[in-house]
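These are the residues of each chain, in order.
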Amino acid sequence: MAFRILSGILLSAFISINACADELQINPAHPDQYTVVHGDTLWDISGKFLQHPTQWPELWRFNSQIHNPHLIYPGDTIYFSMVNGRPQLSLSRNELPSGELNIQSPCVLHEEDLKNGRTKFPVSPDGKLMPCIRESNLNQAIKLIPTDRISQFLTTPRVVGPNELNAAPYVVDLAGEHLVAGEGDKIYVRAIYSSSNQNYTVYRQGQTYKNPETGETLGYEAQYIADTTLQQVGDPASLVVTKSKSEIRLGDRVMPNIEEDVTLNYFPRPPAKKLIGNIISVPGGVSQIGLYNTVVIDKGSRDGLQVGHELTIYRKGRMISDRFSPIKNAMVKLPDEKAGILMVFRPFERVSYALVMKANLAIHVLDKVKTP
């Protein structure tokens, strides 16, 4: 599926938005210093110093060294202090020792050479091009969130309306008298008459997403099955499978690839208006919801949700019997409790995919989500 990568909102713009935010709430158990390790995220580190990690731009702008918090590396040490009554961070870089590698080669290809389009390389006495050693920096800056945990959900699956899948062309037969098809196989689809789009995705209907309070259908999950390329238009049309996640079956639906905006830089912030919703599903058949799990909530772009919006998760209070009440068989509902925080990373019209960024308690389907 084709997609465009968005660089996200500029840090300076985001800081200006947060300048009007509530006063910084410092984590009372914050450390005086913290050394970054592999696997840390900017969200994790901010949570060590703040009660609300979404306020990290406001905190990190009060420093003279951390000009860009996205350029912090494992091994760097961050120091917390109060200066004139205002919290401040400083940074001690972990500079890698130089000169440790003894590269015995007449040609070393640096990262700058690749960017500048280097064309001159050493040649041996007999006129042959000599091999080069490519030098690259293995120390990568930490990310805001673990994007590898949501990468599979950025472009697939999709959430569609009730008639989108039913109206889409479907697989009517498989070449070679196969019962199922996979990568490299040919499939026949009814009916594709235009060659304006060469790339198609095979889907299969998955879950039906419903509002748990009203029973209203909010959308249908279109499970990703495979990528294909159109070979010949017609009824049936011929397509070749170029990539598959699972086996293609007769009746699977085929939809043209759409170009989507995929954001890789996320700036968590609360929605502008108050929202109350529910966790209605967990993709992938996961039964226990915890840190960095993806969930589906019953609010979407129609409700004002955007990429990066943060919601607080509330564990639904249990119903218990009150055996001391003068009323026979009296039942009492325990209050909902804060269980964690999630961040929306892919909103659809009426539902959204979100990542659990913090989990204080066990989280379940039908737990509430609310604007912080």
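A short tour of the structure in this document, coming up. (Residues numbered from 1 in each chain as written. Predicted model: local features only at pLDDT ≥ 70, side-chain atom pairs only at ≥ 80, totals over all residues. Heavy atoms only, no water.)

### Thoughts on the overall build of the protein chain
(1) Moving on: Tallying secondary structure elements over the protein chain gives four helices and 22 strands in all.
(2) Moving on: When burial is assessed residue by residue, the protein chain has 42% of its 372 residues classed as buried.
(3) Moving on: Looking at the protein chain alone, contacts between residues at least 24 apart form 68% of all its contacts between residues at least 6 apart.
(4) Moving on: Roughly 20,800 Å² of accessible area belongs to the protein chain as shown, and the carbon and sulfur atoms make up 50% of that amount. (Helix = DSSP H or I, 4+ residues; strand = E, 2+ residues; numbered from the N terminus. Buried < 20%, exposed > 50% of the residue type's maximum accessible area, 1.4 Å probe, protein only. Contact = heavy atoms within 4.5 Å. Areas by Shrake-Rupley, 256 points an atom, 1.4 Å probe, with all protein chains shown as cover.)

### Focus: unusual backbone geometry
(1) Moving on: Note that the residue after Thr 156, namely Pro 157, is joined by a cis bond; omega there is 0°.
(2) Moving on: Residue Pro 236 follows Asp 235 across a cis peptide bond; omega there is 10°.
(3) Moving on: Topologically, Pro 236 is positioned in the loop between β11 (217–232) and β12 (237–244).
(4) Moving on: Despite not being glycine, Asn 84 has its phi angle at roughly 55°, a positive value.
(5) Moving on: Position of Asn 84 relative to the elements: it lies in the loop between β3 (77–83) and β4 (86–92).
(6) Moving on: One non-glycine residue, Tyr 292, lies in the positive phi region at around 65°.

### Let's talk about the environment of Tyr 79
(1) Moving on: When you line up the elements, Tyr 79 lands in strand β3.
(2) Moving on: For Tyr 79, a relative accessible area of 29% gives the class partly exposed.
(3) Moving on: The sequence separation of Tyr 79 and Gln 33 amounts to 46 residues, and the corresponding C-alpha distance is 4.3 Å.
(4) Moving on: Once residues within four sequence positions are removed from consideration, Tyr 79 is found in contact with Asp 32, Gln 33, Gln 88, Leu 89, Ser 90 and Ser 92.

### Examining the side chain of Glu 310
(1) Moving on: With respect to the element layout, Glu 310 can be found in strand β17 (residues 310–315).
(2) Moving on: Although buried, Glu 310 forms no salt bridge, and the nearest oppositely charged side chain, Lys 358, lies 8.8 Å from it.
(3) Moving on: Beyond its immediate chain neighbours, meaning those up to four positions away, Glu 310 contacts Trp 43, Thr 54, Arg 269, Pro 270, Pro 271, Ile 341, Leu 342, Met 343 and Pro 372. (Lys, Arg positive; Asp, Glu negative; His and termini not counted. Salt bridge = Lys/Arg side-chain N within 4 Å of Asp/Glu carboxyl O.)

### Here we look at the sheet that holds strand β22 (residues 368–370)
(1) Moving on: Overall, antiparallel pairing links the six strands, which are arranged β15-β16-β21-β20-β17-β22 in a closed barrel. Taking each pair of neighbouring strands and ignoring which way they run, the sheet shows an average axis angle of 45°.
(2) Moving on: Of the strand pairs in this sheet, strand β15 (residues 276–281) and strand β16 (residues 294–297) are connected by two bridges, and their pairing is antiparallel. The partner of Ser 281 across the bridge, within β16, is Val 296. (Pairing = 2+ DSSP bridges. Axes fitted to C-alpha atoms, helices over the stretch in contact; angles between N-to-C directions.)

### Some remarks on the nonpolar core
Soluble, globular proteins show a tendency: their nonpolar side chains are buried together.
(1) Moving on: Core analysis: the largest hydrophobic core is formed by 38 residues, its most contacted members being Trp 60, Ile 78 and Phe 345.
(2) Moving on: Taken together, the elements giving at least two residues each to this core come down to α2 (42–49), α3 (56–60), β3, β4, β20 (337–347) and β21 (352–359).
(3) Moving on: By residue number, the principal contributor to this core is α2, which donates four residues. (Core = buried A, V, L, I, M, F, W, Y, C linked by side-chain atoms within 4.5 Å.)

### Let's talk about the side chain of Lys 299
(1) Moving on: Structurally, Lys 299 is set in the loop between β16 and β17.
(2) Moving on: Buried charged residue Lys 299 carries no salt bridge. Nearest counter-charge: Asp 303, at 4.2 Å.
(3) Moving on: The contacts of Lys 299, once residues within four sequence positions are left out, are Ile 276, Gly 277, Leu 305, Arg 350, Val 351 and Ser 352.

### Points about the packing of aromatic side chains
(1) Moving on: Inspection of the entire model under this criterion finds four aromatic pairs.
(2) Moving on: Aromatic pair Phe 348 and Tyr 353: ring centres 5.4 Å apart, planes at 85°, arrangement edge-to-face.
(3) Moving on: On the accessibility criterion, Phe 348 (14% relative accessible area) is buried.
(4) Moving on: Given a relative accessible area of 0%, Tyr 353 falls into the buried group.
(5) Moving on: Pairwise contacts between aromatic rings join Phe 153, Phe 345, Phe 348 and Tyr 353 into one cluster.
(6) Moving on: Directly above the aromatic system of Tyr 314 lies the positively charged group of Lys 370, at a separation of 4.8 Å from the ring centroid. (Phe/Tyr/Trp six-rings, centres within 6.5 Å; stacked < 30°, edge-to-face > 60°. Lys NZ or Arg CZ within 6 Å of the ring centre and 35° of its normal.)

### As for the sheet that holds β3
(1) Moving on: In space, the three strands of this open sheet follow the order β2-β3-β4, with antiparallel pairing throughout. In the strand order of this sheet, the two ends are held by β2 (33–35) and β4, each with one partner. The mean angle between the axes of side-by-side strands here comes to 20°, regardless of whether they run parallel or antiparallel.
(2) Moving on: With seven bridges joining them, β3 and β4 adopt antiparallel strand pairing. When the bridges of β4 are listed, Tyr 79 appears paired with Ser 90.

### Brief notes about α2
(1) Moving on: For α2, every residue scored as buried is listed here: Leu 42, Trp 43, Ile 45, Ser 46 and Phe 49. Take α2 and look down its axis: the buried residues cluster within an arc of 165°, on one side only. (Arc of directions from axis to C-beta.)

### A closer look at the pattern of salt bridges
Any two side chains of opposite charge can pair, so long as their charged atoms come close to each other.
(1) Moving on: The final tally for this structure, using the stated rule, is seven salt bridges.
(2) Moving on: Linking Glu 349 and Arg 302 is a salt bridge whose minimum nitrogen-to-oxygen distance equals 3.0 Å. One end of the pair, Glu 349, is in the loop between β20 and β21; the other, Arg 302, is in the loop between β16 and β17, and 47 residues separate them in sequence.
(3) Moving on: Glu 349 gets classed as partly exposed once you look at its relative accessible area, which sits at 48%.
(4) Moving on: Assessed through its relative accessible area of 53%, Arg 302 is described here as exposed.
(5) Moving on: Residue Asp 336 is joined to Lys 333 by a salt bridge in which the shortest nitrogen-to-oxygen separation is 2.9 Å.

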